[in-house]
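For reference, the chains in residue letters:
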Amino acid sequence: MKRLYPYILDLIKKHGTNNPHELADMLDIKVLYRDLTGLPNGVFFRAQNKIYIIIDSNLKPSLQDIILAHELGHYLLHKHGQKIFGFNITNDTDVKEYQANKFAFLLAAHTALRNDAHMIDSIRNERMLSDGDLKQLLEFISNHKDLRKGVFS
């Protein structure tokens, strides 16, 4: 698999931000927050030529940010495939889910905790990150005390 970090940097350069809320707005993606109890924490889908991302409104802002970044990864990386993607950090081993997790991690790691040695090493060794590594890093970011109000705030 190609490295995603150069793609992430080009995306940030083109749009002037790594904030997934701003990126979604620039890409004309409608982001909705709804109670998704019992469902995946986030969903990306297309309907009537419009793109939607729905995120569980019951989640803390930092996890909502990660989920939005993950769903943006599906939109940007998997435009021509499956039309509906769901998100749960803990259970997917599918290649497209792995890629979306990696996208979310690299987008978040670009600013969040960028001075943390573990983050630096993880970005440097992007090709060697396993699905388990990505899930652990995304969980770490979403639970970090300095990011409780949001990863991209």
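The shown structure was predicted, so the numbers you read here are calculated from the model rather than taken from an experiment.

Caption draft 1: Here's a closer look at the overall build of the protein chain. On a plain count of helices and strands, the protein chain comes out with six helices and four strands. The 153 residues of the protein chain split such that 52% are buried. In the protein chain, the share of contacts with a sequence separation of at least 24, taken over all contacts with a separation of at least 6, comes to 61%. Accessible surface, the protein chain: about 8100 Å² in total, of which carbon and sulfur atoms supply 50%.

Caption draft 2: Representation of the pairing of strand S2 (residues 42–47) in the model. Judged from the six bridges that link them, S2 and strand S3 (residues 50–56) form a sheet pairing that is antiparallel. The residue bridging phenylalanine 45 from the neighbouring strand is tyrosine 52, located in S3. Counting the residues between successive antiparallel strands, the hairpin from S2 to S3 contains two residues, one of them, glutamine 48, with a positive phi of roughly 50 degrees.

Caption draft 3: How the structure looks around the packing of aromatic side chains. In the structure shown here, the tally under the stated rule is two aromatic pairs. Taking 6.0 Å as the distance between ring centres and 70 degrees as the angle between the ring planes, the aromatic pair formed by phenylalanine 44 and tyrosine 75 counts as edge-to-face. Here phenylalanine 44, found in strand S2, pairs with tyrosine 75, found in helix H3 (residues 61–77); they are 31 residues apart in sequence, far enough to count as distant.

Caption draft 4: Summary view of the environment of glutamate 126. Following the sequence through the fold, glutamate 126 ends up in the loop between helix H5 (117–124) and helix H6 (131–143). When its relative accessible area of 0% is taken as the criterion, glutamate 126 is described as buried. When residues no more than four places from it in sequence are discounted, the contact partners of glutamate 126 are Lys2, Arg3, Leu4, Tyr5, Tyr98, Lys102 and Leu106.

Caption draft 5: Representation of the nonpolar core. Of all hydrophobic cores here, the largest spans 36 residues; its most connected members are Ile29, Leu72, Phe103 and Phe105. Those elements that place two or more of their residues in this core are helix H1 (5–15), helix H2 (20–26), S3, H3, helix H4 (95–109) and H6.

Caption draft 6: Seen up close, the pairing of S3. Burial analysis of S3 places six of its seven residues in the buried class, which makes it a mostly covered element. Note: strand S1 (residues 29–34) against S3, six bridges, orientation parallel. Bridge assignment links arginine 34 to a residue of S3, and that residue is aspartate 56.

Caption draft 7: Structural detail: the packing of H4 against H6. The contact between H4 and H6 brings their axes to 10 Å, and the two run at 40 degrees. The orientation of H4 relative to H6 falls into the category oblique. Note that H4 runs across H6; the crossing there is left-handed. For the pair H4 and H6, the contacting residues are Tyr98, Asn101, Lys102, Ala104, Phe105 and Ala108 in the first and Asp131, Leu134, Lys135, Leu137, Leu138 and Ile141 in the second. For the contact of H4 with H6, the class distribution of residues is eight nonpolar, one polar and three charged.

Caption draft 8: Structural detail: H6. For H6, built from 13 residues, the straight-helix expectation of 18 Å at 1.5 Å per residue is met to within 8% by its first-to-last C-alpha distance of 18 Å. Considered for burial, the residues of H6 that qualify are Asp131, Leu134, Lys135, Leu137, Leu138, Ile141 and Ser142. Projected down its long axis, H6 shows its buried positions confined to an angular sector of 165 degrees, all on one face.

Caption draft 9: Broad picture of the environment of threonine 37. Along the chain, threonine 37 falls in the loop between S1 and S2. The exposed category is assigned to threonine 37, whose relative accessible area is 60%. As for threonine 37 and aspartate 56, which are separated by 19 residues in sequence, their C-alpha atoms are 7.4 Å apart. Aside from chain neighbours lying at most four places away, what touches threonine 37 is Asp56 and Asn58. Within the structure, threonine 37 has its side chain in polar contact with the side chain of asparagine 58 (distance 3.4 Å).

Rules used throughout
Residues numbered from 1 in each chain as written. Predicted model: local features only at pLDDT ≥ 70, side-chain atom pairs only at ≥ 80, totals over all residues. Heavy atoms only, no water. Helix = DSSP H or I, 4+ residues; strand = E, 2+ residues; numbered from the N terminus. Buried < 20%, exposed > 50% of the residue type's maximum accessible area, 1.4 Å probe, protein only. Contact = heavy atoms within 4.5 Å. Areas by Shrake-Rupley, 256 points an atom, 1.4 Å probe, with all protein chains shown as cover. Pairing = 2+ DSSP bridges. Phe/Tyr/Trp six-rings, centres within 6.5 Å; stacked < 30°, edge-to-face > 60°. Core = buried A, V, L, I, M, F, W, Y, C linked by side-chain atoms within 4.5 Å. Axes fitted to C-alpha atoms, helices over the stretch in contact; angles between N-to-C directions. Parallel < 35°, antiparallel > 145°, perpendicular 65-115°, else oblique. Left-handed = near helix turned anticlockwise from the far one by under 90°. Nonpolar A, V, L, I, M, F, W, Y, C, P; charged D, E, K, R; others polar. Expected span 1.5 Å × (residues − 1). Arc of directions from axis to C-beta. Polar contact = N/O pair within 3.5 Å; in protein donor to acceptor, adjacent residues only side chain to side chain.

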